[in-house]
Amino acid sequence: MKLSKSKYTRYWQCPKMLWMDTYKKELAREDPALERRFAEGNEVGDLAMGLLGDYIETTAYTEDGKLDIAAMLKNTKKYLAQGVENICEAAFSKNNCYCAVDILHKTADGHDIYEVKSSTEIKDVYLADCAYQKWVLESSGLKIGRVFIAYINNNYVRCGEVDIHGLFTIEDVTEKLQPFYAVVADNTRAALEYISQKQEPEMELGKHCSQPYDCPYWEYCSRNLPRPNVFDLYRIRAGKAEEYYKEGIVSFSDVLKSGIPLNDMQRKQVNFETLGLSTHVDKLGIKAFLDTLSYPLYFLDFETFQTCIPLYDGIKPFQQVPFQYSLHYIEEPDGALKHKEFLADENCDPRRAIAERLVEDIPQDACVLAYNKAFECTRLKELAQAFPDLSAHLLNIRDNMRDLLDVFRDGFVYDRAMGGSLSIKSVLPALFPDDPNLNYHNLADVHNGTEATDTFLSLRGMDRKQRDHLRQSLLAYCKLDTMAMVLLWQRLREFCV
Ligand code: SF4
């Protein structure tokens, strides 16, 4: 089958993306979080199957574990003939176009389509997807009445077994679908023709490279652009970057010459790059920040997971659940650097244990530094709400938190190597170039927050030896995060000497 739902939506976002998938897939740089999102989408799809009551699923696999499309098509035909009320993964194909409908629901005079999404809102790309399904089914001779999308209700709070009627919101999108449906026939024809050509097509870069999804071929398609370029401007909207790019404003020199409006960070980014400026240090600003800190001084960093289907009672879909922290601390001026850490048991809700350890490890009224404290503060507030008996202490920690990011956000330190990014992963190598001890790539197994989440969630049921090894990797990763903050703080002090 040449087209499927996912191939159609790839074409809908950018025809060349589909062409690349067909002929140069090896050049894709997929988001490392994609695999887990895909697995989670499957889990959500399985859970939603019962939304309309009893159902029969068509899914079949070949001996080597692949989806058996032929068997699914056959099963669907059989269940349709039997008048089954709810067919899950109902498979259809027509003129080289294939789709499997999440739930095909029989009505008095035809069928309704239910598409399940592990997202908390309806996006245009979902409507394009549904329109394609409706078209394939109608082309196959089915009468389609209404089309619904079942998506995640982010106000749902788990209490006991997952209540699928609480977890999902079902919305009728039949009317919204119209403009997307009107172009499906032309699009499918054009898409099939597009991928039949062997010659690599040209495609302008633009906002379609990042909307609705980041394209995995960006590195390849933008390989001839100067680095950095207009698409790298700090927090530039995709539409704006496209507009400037089409006007021929590509390199940072073009940006400078054009006089386009820039925010403070973008101006700094462009000036430092084009003029080759060295590190900017505002000693007075840094000193004013450092003077607000006091001892004992703590450096705190959380690791969290978020899952679409809440794992435990009292948790909402996609809620950030802290499972680990690292805490470096210095008790008095020129005192020794000490370290504490916590990593939850992967088999139960980690929140109570982490909250208890936090109040044990951080005394009230202590000065606590985080990098981008909004994240840590929100987690502390959520823990305080969940555990009223620990609330006063947890909120005290939150209220005494200071943000190391402020130094960089306020522009007291800037280095060209930061490339306009204030993330600690950009600031650190800029201020400590070539320090192998601070290179996250030199860590084993866990190198970033996404991998930390995936690793923690994968521990359940793992054999003891592998589990223990990965827990050590998690501890090492989180420890480096707070060590990085300590070193940044020390470097700031050195700047002021
Ligand atoms: S990088 Fe942009 S132009 Fe290239 S395939 Fe992706 S979306 Fe299309």
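No experiment lies behind these values; they were computed from the predicted model shown. (Residues numbered from 1 in each chain as written. Predicted model: local features only at pLDDT ≥ 70, side-chain atom pairs only at ≥ 80, totals over all residues. Heavy atoms only, no water.)

## A closer look at the sheet that holds strand β6 (residues 168–172)
- Taken in spatial order, the 6 strands of this open sheet run β1-β2-β3-β4-β5-β6, and their pairing is mixed. With partners counted over all chains shown, the strands left at the sheet margins are β1 (56–57) and β6, one partner each.
- With 5 bridges joining them, strand β5 (residues 144–152) and β6 adopt antiparallel strand pairing. Opposite Tyr-151, over in β6, you have Thr-169 as the bridge partner. (Pairing = 2+ DSSP bridges. Helix = DSSP H or I, 4+ residues; strand = E, 2+ residues; numbered from the N terminus.)

## Regarding the domain arrangement of the protein chain
- Domain parsing of the protein chain yields domain 1 (5–196), domain 2 (225–275) and domain 3 (278–497).
- Relative placement of domain 2 and domain 3: their C-alpha centres are 32 Å apart.
- In this complex, domain 2 contributes 6 residues to the contact, which on the side of domain 3 involves 9 residues.
- In terms of surface lost to domain 3, no three residues of domain 2 exceed Met-265, Lys-268 and Phe-272, which account for 62% of the buried area on that side.
- Joining domain 2 to domain 3, the criterion identifies 1 salt bridge.
- Notably, a salt bridge pairs Glu-273 with Arg-416, separated by 3.5 Å at the nearest N-O pair.
- Counting across the domain 2 and domain 3 interface gives 1 residue pair in polar contact (both at pLDDT 80 or more). (Domains from an automatic or database assignment. Contact = heavy atoms within 4.5 Å. Buried area = accessible area lost by both parts, 1.4 Å probe. Salt bridge = Lys/Arg side-chain N within 4 Å of Asp/Glu carboxyl O. Polar contact = N/O pair within 3.5 Å; in protein donor to acceptor, adjacent residues only side chain to side chain.)

## Things to note about the pattern of salt bridges
- What the rule picks out here adds up to 39 salt bridges.
- A salt bridge links Glu-138 to Lys-134, with the nearest nitrogen and oxygen atoms 3.3 Å apart. With a gap of 4 residues between them, Glu-138 and Lys-134 both fall in helix α5 (residues 124–139), about one helical turn apart.
- Taking the relative accessible area as the measure of exposure, Glu-138 reaches 25% and is therefore partly exposed.
- Counted as one network, the salt bridges with shared partners bring together Lys-5, Asp-102, Glu-115, Lys-117 and Asp-129. (Buried < 20%, exposed > 50% of the residue type's maximum accessible area, 1.4 Å probe, protein only.)

## Things to note about the packing of aromatic side chains
- On inspection of all chains with the given rule, the structure shows 17 aromatic pairs.
- Ring centres of Phe-302 and Tyr-325 lie 6.4 Å apart, and the angle between their planes is 80 degrees; on these two criteria the pair is classed as edge-to-face. Highlighted residues: Phe-302 in strand β8 (residues 297–305) and Tyr-325 in strand β9 (residues 321–330), separated in sequence by 23 residues. Neither residue differs from the other here; Phe-302 and Tyr-325 are each classed as buried.
- Between Tyr-325 and Phe-342, the ring centres sit 5.8 Å apart and the planes meet at 20 degrees, which makes this aromatic pair stacked. Taken together, the residues span a long stretch of sequence, with Tyr-325 in strand β9 and Phe-342 in strand β10 (residues 337–343) at a distance of 17 residues.
- Linked through ring pairs, Trp-218, Phe-231 and Tyr-245 together constitute an aromatic cluster.
- One Lys or Arg, Arg-223, reaches over the ring of Tyr-220 and ends 4.0 Å from the middle of that ring.
- Across the ring face of Phe-375, the terminal group of Arg-379 is positioned such that the distance to the ring centre comes to 4.6 Å. (Phe/Tyr/Trp six-rings, centres within 6.5 Å; stacked < 30°, edge-to-face > 60°. Lys NZ or Arg CZ within 6 Å of the ring centre and 35° of its normal.)

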